[in-house]
Amino acid sequence: MYRGRLEKDFKHWVGMGLLPEASARQMLAEYDGRESAFRAGRVLLVLAALLLSASILLLVAANWEALPRLARLIGIVALIWGFHFAGALFIRRGNGGLAAATLVLATMSFGAGIALVGQMYHLSGDAADALLLWIAGACVTALAFRSAAVTTVCGGLAWAYFLTVLSENGLGEIVEWQTWIVPALAILVVILVRLTDAGRARHLAYLLVVAWLIWLYIENSSLGFAGTLAVGGIVAFLAAAMPGSPLRPMALEAGSAPAFYSFALALIGFSVLQFEAVGLFTEVAAGAGVLIVALLGIALAGAQNGAVRYLGYAAFAGELLYLAFETLGSMLGTSGFFLISGLLVAVIAWLVIRIEGRLMRTGREEVSP
């Protein structure tokens, strides 16, 4: 998507005479040559590696009892080290796609080895413990080979750990140390993302933190916890998007994700406050907080971050309609409600046009010397 917009902008600037055509071609070629650039062939190779991993697991499982114990161990070790050596060879030859695929195979084979050895020797422990060991091995591979693909696998395994813990223990029976391992795994994935240049994998970490916080609220639903979510989201968003914030350069370097997810968390927090509110006045006050947060997000990050802008528009419009329904729906008939809703949508459209015009003027002022 970004590559298409970039090429379209280059063509427009070349047509206006602002950019030489040769320079545009060179810049596109440089972008296409980056390791982080999307390539369908590389993605298909990684998907093929995942399918091959599944076939290896099924093949070994189907013939497990027929294999001698020594042959099982030798076969598992051979798969793990063979794929790692193949990945190193492909990296040395400059074939990043095949290297990513073979390293994913190596990581999946390591997980298969953990499961099969545990079954063979009847080792104690549960699936969550095995996943932690699997994540540790995957992290070593990701760091040793600077593999973005394996970092993505680490993000998926972190999610698998969270879901496994929930399924094995239930929502209310998770021990405390397992609770805090989830954000620790998210931090670990973010560190791997920075070290391996796996930009897209950071979304797995951010989504995991948001899911973990929502789960904590479900387990500890209260007005105080809802307020903590709202305040924490606002503080995180201001740190990522407020001009002059010492953390803003680091957040911008990480892309649009920090501002978007912190903004989403703030909206979730104020929405939960509205859910916890008792009485019409407090509910309307919490709804006003949602509106203020939406406008704040659009004003601070809307010009540079399309995801924040559209989420802010949706939250602002949805909250206005919700407040209209709650406060006026019981007092007006159906036709009156739709009349008020139509007027509110018109007001929203006017506000959006004004905000977008201001954002465009601000962008032009920043570009001009």
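Because the structure is predicted, anything quoted here is derived from the model rather than measured. (Residues numbered from 1 in each chain as written. Predicted model: local features only at pLDDT ≥ 70, side-chain atom pairs only at ≥ 80, totals over all residues. Heavy atoms only, no water.)

## Brief notes about the overall build of the protein
Consideration 1: Summing up its helical and strand segments, the protein has 15 helices and 0 strands in all.
Consideration 2: Considering the protein as a whole, with its 369 residues, one finds that 39% of them fall into the buried category.
Consideration 3: Long-range pairs, those at least 24 residues apart, make up 67% of the contacts in the protein with a sequence separation of at least 6.
Consideration 4: Working note: accessible area of the protein is about 20600 Å², and carbon and sulfur atoms make up 70% of it. (Helix = DSSP H or I, 4+ residues; strand = E, 2+ residues; numbered from the N terminus. Buried < 20%, exposed > 50% of the residue type's maximum accessible area, 1.4 Å probe, protein only. Contact = heavy atoms within 4.5 Å. Areas by Shrake-Rupley, 256 points an atom, 1.4 Å probe, with all protein chains shown as cover.)

## What to know about the layout of surface pockets
Consideration 1: Here the second largest pocket is characterised by a volume of approximately 580 Å³.
Consideration 2: Each residue belonging to the lining of the second largest pocket can be placed in one class, and the counts come to 18 nonpolar, 1 polar and 2 charged. (1 Å grid on protein atoms, 1.4 Å probe; cavity = no way out; pocket = protein on both sides within 12 Å on 5 of 7 lines; lining within 4 Å. Points joined across faces, edges and corners; volume = space filled by probe spheres on them. Nonpolar A, V, L, I, M, F, W, Y, C, P; charged D, E, K, R; others polar.)

## What to know about helix H6 (residues 127-145)
Consideration 1: Taking 1.5 Å as the rise per residue, H6 with 19 residues should run 27 Å; its terminal C-alpha atoms sit 27 Å apart, in good agreement.
Consideration 2: Ala128, Leu131, Trp134, Ile135, Gly137, Ala138, Cys139, Thr141 and Ala142 are the residues of H6 that are buried.
Consideration 3: Directly after H6, the chain includes arginine 146, whose backbone phi takes a positive value near 50°. (Expected span 1.5 Å × (residues − 1).)

## Quick word on the packing of aromatic side chains
Consideration 1: A full pass over the atoms with the stated rule returns 9 aromatic pairs.
Consideration 2: Ring centres of tyrosine 206 and tyrosine 261 lie 5.4 Å apart, and the angle between their planes is 40°; on these two criteria the pair is classed as tilted. With a gap of 55 residues between them, tyrosine 206 in helix H9 (residues 202-219) and tyrosine 261 in helix H12 (residues 257-276) connect regions that are remote in the sequence. The residues tyrosine 206 and tyrosine 261 share a single accessibility class, namely buried.
Consideration 3: The cationic tip of arginine 309 hangs over the ring face of tyrosine 310; the distance from NZ or CZ to the ring centre is 5.0 Å. (Phe/Tyr/Trp six-rings, centres within 6.5 Å; stacked < 30°, edge-to-face > 60°. Lys NZ or Arg CZ within 6 Å of the ring centre and 35° of its normal.)

## Thoughts on unusual backbone geometry
Consideration 1: With phi around 50°, arginine 146 is a residue other than glycine that occupies positive phi space.
Consideration 2: Relative to the elements of secondary structure, arginine 146 occurs in the loop between H6 and helix H7 (148-169).
Consideration 3: Backbone geometry places aspartate 197, a non-glycine residue, at a positive phi of 60°.
Consideration 4: Mapping aspartate 197 onto the fold places it in the loop between helix H8 (176-196) and H9.

## Re the environment of glutamate 168
Consideration 1: Mapped onto the fold, glutamate 168 is located in helix H7.
Consideration 2: Since its relative accessible area comes to 37%, glutamate 168 is described here as partly exposed.
Consideration 3: In this structure, the C-alpha to C-alpha distance between glutamate 168 and alanine 127, residues 41 residues apart in sequence, is 8.6 Å.
Consideration 4: Apart from residues no more than four positions distant in its own chain, glutamate 168 is found in contact with Asp126, Ala127 and Ala128.

## A closer look at the side chain of glutamate 319
Consideration 1: Position of glutamate 319 among the secondary structure elements: in helix H14 (residues 306-328).
Consideration 2: In this structure, glutamate 319 is buried with no salt-bridge partner, the nearest side chain bearing the opposite charge being arginine 309 at 20 Å.
Consideration 3: Other than its neighbours up to four places away in sequence, glutamate 319 contacts Gln274, Gly287, Val290 and Leu291. (Lys, Arg positive; Asp, Glu negative; His and termini not counted. Salt bridge = Lys/Arg side-chain N within 4 Å of Asp/Glu carboxyl O.)

## As for a nonpolar patch on the surface
Consideration 1: A cluster of nonpolar residues, Leu143, Ile187, Ile191 and Leu195, forms a patch on the protein surface that exposes about 350 Å² of accessible area.
Consideration 2: A total of 3 residues in the nonpolar patch trace back to one element, the largest contributor, which is H8.
Consideration 3: Positionally, leucine 195 belongs in helix H8. (Patch = residues over 30% accessible without salt bridge, like charges linked within 9 Å, V, L, I, M, F, W, Y side chains within 5 Å.)

## Some remarks on helix H4 (residues 69-92)
Consideration 1: For H4, with 24 residues, the first-to-last C-alpha span of 35 Å sits near the 34 Å given by 1.5 Å per residue.
Consideration 2: Where H4 ends, the next residue or the one after it, glycine 94, has phi of about 80°, a positive value.

## Some details on the packing of H9 against helix H10 (residues 223-241)
Consideration 1: Where H9 contacts H10, the axes come no closer than 9 Å and their chain directions differ by 160°. It follows that H9 is roughly antiparallel to H10 by the angle criterion. The hand of the H9/H10 crossing is left-handed. Residues Leu213, Leu216 and Tyr217 of H9 form the contact with H10, whose own contacting residues are Phe225, Ala226 and Leu229.
Consideration 2: Broken down by class, the residue content of the contact of H9 with H10 amounts to 6 nonpolar, no polar and no charged. (Axes fitted to C-alpha atoms, helices over the stretch in contact; angles between N-to-C directions. Parallel < 35°, antiparallel > 145°, perpendicular 65-115°, else oblique. Left-handed = near helix turned anticlockwise from the far one by under 90°.)

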